[in-house]
Amino acid sequence: MKKSLFTIFTLLLIVGCKNNTETNPEVTVENETEQEEKYPSDVIPFMDKWKILLGDGTYVDDLVDYQKDDFFYVENDGKTDWVVYKTPNSGITSRTSSNTRTELGEKAHWIPETGGKLTGTLKVQHVSTTGNADVSSSYSVVVGQIHSDEGHENEPLKIYYKKFPDHTKGSVFWNYEINTEGDNSGRFDFSTAVWGYDFSVVGDNATTSPAEPEDGIALGEEFSYEVNVYKGIMYLTFASEGHETITFTKSLIESEFATKSEIPKQIIDRYASRRTVGVEREIAYAGEINYFKQGAYNQANGKSTKSETYDGDIEKQYANGSYAEVWFKSATVGSATPPN
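This text gives an overview of the structure that appears in the document. Predicted model, so just to flag it, every value in this text is computed and none were measured. (Residues numbered from 1 in each chain as written. Predicted model: local features only at pLDDT ≥ 70, side-chain atom pairs only at ≥ 80, totals over all residues. Heavy atoms only, no water.)

### A short note on the pattern of salt bridges
Moving on, step 1. Under the defined criterion, the tally for this structure stands at 13 salt bridges.
Moving on, step 2. A salt bridge links K250 to E256; the nearest nitrogen and oxygen atoms lie 3.2 Å apart.
Moving on, step 3. A residue is classified by how much of its surface remains accessible, and K250, at 6% relative accessible area, is buried.
Moving on, step 4. The exposure class assigned to E256 is partly exposed, which follows from its relative accessible area of 42%. (Salt bridge = Lys/Arg side-chain N within 4 Å of Asp/Glu carboxyl O. Buried < 20%, exposed > 50% of the residue type's maximum accessible area, 1.4 Å probe, protein only.)

This is the structure we're talking about:
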């Protein structure tokens, strides 16, 4: 009899435990939490201040709890969540560019005298592996910008990462595009190296790369930038572990390129043989409406860089290295601050 009672008690205990596991709300909530989708706005909470254009032409102006597979989403590298911006060499572009982008555009606008501040900590995971080595834009992606919304709609700042296919280390540099006096046919970009080369360093021909930069940044290597436009002056800071922190100062309201005699040799060598080199208006971008951009603005395309595009087939481009991919783990945007 005692044995029978023991057997019945044991069976009841097993059934009770099973039912408790099936109905335990803590277990259910935990499982649901593990399966919850994480959005870019969960990782970098400033997404309400931006709109986005994706590489397939999708435009979205409400980015809170928004993501799109293969373009704008969250990845974890085993330690940290990152917002991924990915775009093919060929897709649907904006009206003013031949290059595809998965890139944020700031909703707020400002003039240089009022200014603003943008920061980002990122790593570039991939750039196009095809293109002509003697074209400056090949194998590169823009990871941060200031863009004008008036006049010629030129760009007083573009922050680049570029790596030749046969190199381990790439370059980080920034370009300043003049706010051209008169028509825009004479516009040019003056480039400044941060780590590695500037925009003007290319191969001797379409298939030959220059020497690998000694102080470059590898794919997957983290770096950060700060763009602080304060009272018309742009203050830039670039930092990366194992590299010298580098700062720059550039006026956006008084031109360095207002006369022909001020045009740097870099510009004469790069542009003079192809088209007229213009000059900038004396007040540069003073009083002109600007805004920040951040993400992956792919500079490789089938037209100017001769990069492979697989007739615009995005799936084939992703499978064969014809894309740019940039990961950000943190970023801020807001008002300008007095420089240190």
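### Some thoughts on the pairing of strand β3 (residues 72–76)
Moving on, step 1. Of the strand pairs in this sheet, β3 and strand β4 (residues 81–88) are connected by five bridges, and their pairing is antiparallel. Across the sheet, residue V74 finds its bridge partner in β4, namely V83.
Moving on, step 2. Here β3 hands over to β4 after four residues, with G78 in that stretch at a positive phi of 100°. (Pairing = 2+ DSSP bridges. Helix = DSSP H or I, 4+ residues; strand = E, 2+ residues; numbered from the N terminus.)

### Structural notes on a negative patch on the surface
Moving on, step 1. Together, E37, D69, D70, E308, D311, D313 and E315 make up a negatively charged patch on the protein surface.
Moving on, step 2. Relative to the helices and strands, D311 is located in the loop between β15 (290–298) and α5 (314–319).
Moving on, step 3. You can call D311 exposed: its relative accessible area is 82%. (Patch = residues over 30% accessible without salt bridge, like charges linked within 9 Å, V, L, I, M, F, W, Y side chains within 5 Å. Areas by Shrake-Rupley, 256 points an atom, 1.4 Å probe, with all protein chains shown as cover. Lys, Arg positive; Asp, Glu negative; His and termini not counted. Charge placed at Lys NZ, Arg CZ, Asp CG, Glu CD.)

### Here's the deal with the nonpolar core
Moving on, step 1. Core analysis: the biggest nonpolar cluster contains 62 residues, and W174, V227 and F238 have the highest contact counts within it.
Moving on, step 2. The element contributing the most residues to this core is strand β16 (residues 323–334), with six residues.
Moving on, step 3. Residues within four places of W174 in sequence aside, it is in contact with L157, K158, I159, F190, S191, T192, V194, M234, L236, F238, F248 and K250.
Moving on, step 4. Of all hydrophobic cores here, the second largest spans five residues; its members include V142, Y160, F173 and Y297. (Core = buried A, V, L, I, M, F, W, Y, C linked by side-chain atoms within 4.5 Å. Contact = heavy atoms within 4.5 Å.)

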